[in-house]
Amino acid sequence: MSTFSASESGLGTSRRPLSLRAAARRSDEGRLARRVAAGLAAGATWAAFGASCLWWDDLGDWSRTQALAIGAFVVAAAVVIAAAAWPPGRGGDQITRRLPWLTLLGAVLAVWELATAKFGWAPLPFFPPPQAILEVYTDDMPKLAASVLASVKLQLGGYAIGAAAGFLTGVAIGCSRAVGYWVHPVLRFIGPLPATAWLPIAFFVFPSSLSASTFLIALATGFPVTVLTWSGVASVSPAYHDVARTLGASRWFLITRVAIPGALPHVFVGLFMGLGASFAVLVVAEMIGVKAGLGWYLQWAQGWAAYANMYAALIVMSLLCSGAITLLFKTRDRLLVWQKGVVRW
Amino acid sequence: MVAAAAALAPRVVGGAALEVDRVSHAFDIDGQLLPVLNNVSFTVAPGEFVALLGPSGCGKSTLLRLVAGLEPPRAGSLSEDGVPITRPYPSRVVVFQDPTLFPWRTVWQNVALGLQAQGILKRERARVDAALDLVGLAKFRNAYPHQLSGGMAQRVALARALVNDPRILVLDEPLGKLDSLTRIAMQTEILSLWQRSGFTSLLVTHDVEEAVFLATRIIVFSDRPATIKAEIEVDRPYPRHRGDPALAELRHRILGLLGADATW
Ligand SMILES: Nc1ncnc2c1ncn2[C@@H]1O[C@H](COP(=O)(O)OP(=O)(O)OP(=O)(O)O)[C@@H](O)[C@H]1O
Ligand SMILES: [Mg+2]
């Protein structure tokens, strides 16, 4: 029995009164009606996109115009069906939230189709029509997939090494005066240098262009991760250390259970910045060094004036980078549930 | 509640003696030396409950930091049972003025901190539950600190200290943020815990009535740099009654020492 139970038993949920539930049902119906209307609008722009592919003849010789049109009609139908038939709830709200964007996307694609393939308003080799890009995905898949694989492997290796090294260095500087004394000047001198400036030396010093590129990506990742981990450790209030020390904490406990958890929000900012920096290095390293991966694919496409391939590779690259950042933010949200008001990616 | 208190302190560890011997301390603020404690000496017998009173900013929290072993004094020495205090040790547990709960730990994990740091959490998990029961927060064991009210946070901080079986419990205005009803309940709770397990208590408070109700002895400090202005035995048996005229008389005297008798 507790003296405080009376004041703090309010955690349970109570049933909603009937009138409230009726009101909730009415608002559910209103929401469904609005969702169906928005779905029809999105379906209309995608259908218009499909129709724009078929109505006029292509200016050039592209083999995937019909497939593209069919795809557009399929999207249009799927959007309308999903908007009308999805049960209300979280999934339904998600659909509602995306419909305006889908509408705009259909409209932009239709205009793009007309401006390139049908009327040639945009100068042709530089602005390929959607079906040309689709053609790259269907016909040049093996090369593109190999490039994606090479990029992901290089990026993952370099980023993991850089993040781990940066994290450990940052914690070491933050927790040990001696390490700080020796490492800080080195960090100040070398850190701000763009990693790409090392490119010529790296490719000369390292045994293979792959290891050189891995080193450069690790370097680009490591600097922001180090600095932010360090500042994170430094930002942990000494009061937490005092509390832990009076409770018998060892030095190891203070590092692993006080300094590191307290620094994690900063560490994730560093990981985020490192990710951005490493993408830039990745592309340059692939263009100049390893001759594989999406960066190299881009350059190869430019050499052949294959602009459709370039756009196709760019789209894939942007999906990959965005996916990597999403993954990072999801990890952070899981680890930092205790923080309030974190930014959603 | 009584059962919870019994589960928390199954063995009487007993209190330790505390000796503060001619302690002076000062802080360096931009090259300027700010004297905070001036030649403070007192002893606390094992199992005694001593309250420290003094004007704000006179150096009470600083003295408690020295007792905890978080800082060495500039002059003088402190000892626990005759052993000089040179570093923090979990036999002397501090409840700080701010709750300083670890925001990345749940309430339960915060209370478990000391046992985990000492490597005995696996054996002693039940003690954490008992401590949470004691402060009435068992329902909030999985909440994070930002989901607690100020008073609840302070109760968690109290539970985090009590779970360690301290021989000297150092309390820095631990009830300062509580509403008056909870405050009274917690005072009774601290008192019964103290009587049951016999630890030595050192309590800093601004509330003269609280000091008079709880302590066996009250030490009144002067303005900064703090020196001891008076030591007052509270020679009344427990359980005490808040309306006791002898306590009221004592309270009046202490307020006078603190220079607030005109408002009484
Ligand atoms: N780490 C520090 N560095 C510099 N000055 C400090 C430090 N800690 C405390 N002081 C100073 O020492 C003096 C005493 O502080 P302390 O916290 O001990 O006061 P207190 O008696 O606990 O006051 P309160 O009752 O308001 O909590 C204050 O003037 C404060 O400015
Ligand atoms: Mg204080």
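Residues numbered from 1 in each chain as written. Chains lettered and ligands numbered in written order. Predicted model: local features only at pLDDT ≥ 70, side-chain atom pairs only at ≥ 80, totals over all residues. Heavy atoms only, no water.

Quick look at the overall build of chain B now. Counting its secondary structure elements, chain B contains nine helices and ten strands. For a compact globule of 264 residues, the expected C-alpha radius of gyration is about 18 Å, and chain B comes in at 18 Å, within 12% of that figure. In terms of overall dimensions, chain B has a C-alpha envelope of 45 × 45 × 35 Å along the principal axes. Within the span of chain B, comprising 264 residues, buried residues form 56% of the whole. For chain B, the share of sequence-separated contacts (at least 6 apart) that also reach a separation of at least 24 residues comes to 68%. Surface summary for chain B: the accessible area is close to 10,900 Å², and the carbon and sulfur share equals 53%. (Helix = DSSP H or I, 4+ residues; strand = E, 2+ residues; numbered from the N terminus. Rg over C-alpha atoms; globule rule 2.2 N^0.38 Å. Buried < 20%, exposed > 50% of the residue type's maximum accessible area, 1.4 Å probe, protein only. Contact = heavy atoms within 4.5 Å. Areas by Shrake-Rupley, 256 points an atom, 1.4 Å probe, with all protein chains shown as cover.)

So, about the interface of chain B and chain A. With 39 residues of chain B at the contact, the number on the chain A side is 25 residues. Carbon and sulfur atoms supply 69% of the area buried between chain B and chain A, which totals about 2,800 Å² over both sides. Inspection of the region where chain B meets chain A yields one salt bridge. One salt bridge in this structure joins B:R65 and A:D242, with 2.7 Å as the shortest N-O distance. Between chain B and chain A we count three residue pairs in polar contact (both at pLDDT 80 or more) in total. Of all the secondary-structure elements, those providing two or more residues to the side of chain B that touches chain A are α2 (60-68), β6 (92-95), α4 (113-117), α5 (125-134), α6 (150-162) and α7 (180-197) of chain B. The dominant element in the side of chain B that touches chain A, judged by the number of residues it contributes, is α4(B), at four residues. Of the residues contributing to the side of chain B that touches chain A, the split by class is 23 nonpolar, nine polar and seven charged. (Buried area = accessible area lost by both parts, 1.4 Å probe. Salt bridge = Lys/Arg side-chain N within 4 Å of Asp/Glu carboxyl O. Polar contact = N/O pair within 3.5 Å; in protein donor to acceptor, adjacent residues only side chain to side chain. Nonpolar A, V, L, I, M, F, W, Y, C, P; charged D, E, K, R; others polar.)

Residues and elements named next belong to chain B. Spatially, the six strands line up as an open sheet ordered β6-β7-β8-β3-β9-β10, and their pairing is mixed. The strands lining the two open edges of the sheet, one partner per strand, are β6 and β10 (228-233). Here the strands of the sheet are splayed against their neighbours by 15° on average, with no regard to which way each runs. For β6 and strand β7 (residues 168-172), the ladder comprises four bridges, and the chain directions are parallel. From the neighbouring strand, V93 faces β7, where its bridge partner is L169. On the sheet, α2 packs against β3 (49-53), β6, β7, β8 (200-204) and β9 (217-221) and is oriented at approximately 155° with respect to β7. Helix α9 (residues 245-257) rests against β3, β9 and β10 of the sheet, and its axis sits at about 175° to β10. (Pairing = 2+ DSSP bridges. Axes fitted to C-alpha atoms, helices over the stretch in contact; angles between N-to-C directions.)

The next subject is the packing of aromatic side chains. Considering all chains together, one arrives at 14 aromatic pairs over all chains under this definition. For the pair A:Y181 and A:W182, a centre-to-centre distance of 4.9 Å together with 90° between the ring planes defines the contact as edge-to-face. The same class applies to A:Y181 as to A:W182, namely exposed. Centre to centre, the rings of A:W338 and B:W104 are 5.9 Å apart; their planes meet at 65°, and the pair counts as edge-to-face. One end of the pair, A:W338, is in the segment after α12 (307-335); the other, B:W104, is in the loop between β6 and α3 (107-111), on a second chain. As far as the burial class goes, A:W338 and B:W104 line up, both buried. An aromatic cluster is built from A:Y240, A:W338, B:F102 and B:W104, whose rings are joined through pairwise contacts. For the cation-ring pair, B:R240 lies above B:Y238, with the distance from its terminal atom to the ring centre recorded as 4.2 Å. (Phe/Tyr/Trp six-rings, centres within 6.5 Å; stacked < 30°, edge-to-face > 60°. Lys NZ or Arg CZ within 6 Å of the ring centre and 35° of its normal.)

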